[in-house]
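# Chains, contacts and geometry: an overview
Each chain is listed here by its residues.
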Amino acid sequence: MEDQPAKKFRIKIELKDSEPLVWRILEVPSNICLERFSEVVELAMGWDGYHLHRFIKGNTYYLPPKDRADDCFFEGVPKQFDSGMLSLGELLSRKGSKIKYEYDFGDSWIHEIILESCQSYKKEEIPVIALLDGENACPPEDCNGIWGYRKMLKALEKPRSKAAREYKEWLGYNFDPTEFDLDETRGLLAEIVD
């Protein structure tokens, strides 16, 4: 896969139903393995990466290799493939193509991944993974999905309330949903090497 000729993909990732909207724009080579791309998504968004995940296109699931996912293939889902065997370019084939990415099957964080552009690399250009832009903080892990996240944000609006104090104690820090360090995240993504 990663030895296939690559195109330069500009993709946008949005965390569905997040408010404020959490989004990132990345440049990635089209021949990146889906399983490796899941690491890119998690780092770019701000997830810790210790939960299971899957890509979804139509009625088809693309799951981590069985040996890494403790048999997370789903009963009754007719089309399930190993995400270690396919590239991103095999799912996103033209501008405007979309897939979903679900992180943490308990909290069910749904991301929409959109191919914004596809270009050939220039002769001297080296394919890289690069974070171009983004806004807003990723929700904290294990906060009970989008509904739990909204409940937490509502409680934090009243910082002196009992609920806000409990959330701050649970988090161990003051959470700001609008805070996103683009440079720090770029640095994390730059550490991804073959």
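For every chain, the first residue of the written sequence is number 1, and numbering continues from 1 onward in sequence order. Where local features are concerned, this predicted model is filtered to residues with pLDDT of at least 70; where side-chain atom pairs are given and counted, the filter is 80 or more; whole-chain, interface and lining totals use all residues. Water and hydrogen atoms were dropped before computing side-chain values, which therefore reflect all heavy atoms in the structure.

## Quick word on the overall build of the chain
Looking only at helices and strands, one finds 6 helices and 8 strands in the chain. Think of it this way: any DSSP run of H or I at least four residues long counts as a helix, any run of E at least two long counts as a strand, and we number them from the N terminus. Tracing the chain from N to C terminus, the helices and strands come up as β-β-α-β-β-α-β-α-β-β-β-α-α-α. In terms of C-alpha radius of gyration, the chain reaches 18 Å, essentially the compact-globule figure of 16 Å for 194 residues. Projected onto its principal axes, the C-alpha coordinates of the chain cover approximately 55 × 45 × 30 Å. Only protein chains enter the area calculation, which uses a 1.4 Å probe; residues under 20% of their type maximum are buried, those over 50% are exposed, and those in between are partly exposed. When the 194 residues of the chain are sorted by exposure, 47% land in the buried category. Contacts between residues were defined by any pair of non-hydrogen atoms, one from each residue, lying within 4.5 Å. Restricting the contact set of the chain to residue pairs at least 6 apart, pairs at least 24 apart contribute 64%. Counting rule for charge: Lys and Arg are taken as positive, Asp and Glu as negative, and neither His nor the chain ends is counted. The location of each charge is read from NZ of Lys, CZ of Arg, CG of Asp or CD of Glu. Charged side chains in the chain number 27 positive and 37 negative. The centres of these two groups are separated by 7 Å. Each radius of gyration reported is based on C-alpha atoms, and the globular scaling rule is 2.2 Å times the count of residues to the power 0.38.

## Some details on the pairing of strand S3 (residues 53-57)
The element S3 is extensively covered by neighbouring structure, given that 4 of its 5 residues are classed as buried. Bridge count for S3 against strand S6 (residues 98-103) is 4 bridges, and the pairing is antiparallel. By the bridge assignment for S6, Ile56 is matched with Lys100. Of the strand pairs in this sheet, S3 and strand S4 (residues 60-63) are connected by 3 bridges, and their pairing is antiparallel. Across the sheet, residue Ile56 finds its bridge partner in S4, namely Tyr61. In short, DSSP must find at least two bridges between two strands for them to pair. Between S3 and the antiparallel strand that follows it, S4, lie 2 residues; Gly58 among them carries a positive phi value of about 60°.

## Quick notes on the sheet that holds S6
Pairing in this open sheet of 8 strands is mixed, and the strands run S5-S4-S3-S6-S7-S1-S2-S8 from one edge to the other. For this open sheet the edge positions go to strand S5 (79-82) and strand S8 (130-135), each flanked by a neighbour on one side alone. Each adjacent strand pair in this sheet contributes to an overall mean axis angle of 25°, direction not counted. Lines fitted to C-alpha atoms define the axes, with helix axes restricted to the stretch in contact, and inter-axis angles between N-to-C directions lie between 0 and 180 degrees.

## Focus on the environment of Leu86
Mapped onto the elements, Leu86 comes out in the loop between S5 and helix H3 (88-91). Take Leu86: its relative accessible area is 18%, and that puts it in the buried class.

## Things to note about the confidence of the model for the chain
pLDDT runs from 0 to 100 and stands for how confident the predictor is about each residue. Mean pLDDT for the chain: 90, with 90% of residues reaching 70 or above. Taken element by element, the predicted model of the chain shows its lowest mean pLDDT in helix H2 (residues 66-69) (54) and its highest in S6 (98).

## Structural notes on the state of the cysteines
Throughout, disulfides are identified as pairs of cysteine sulfur atoms within 2.5 Å of each other. The tally for this structure, following the rule as stated, stands at 0 disulfides. There is no disulfide at Cys138, and the cysteine sulfur nearest it, in Cys143, is 8.7 Å away.

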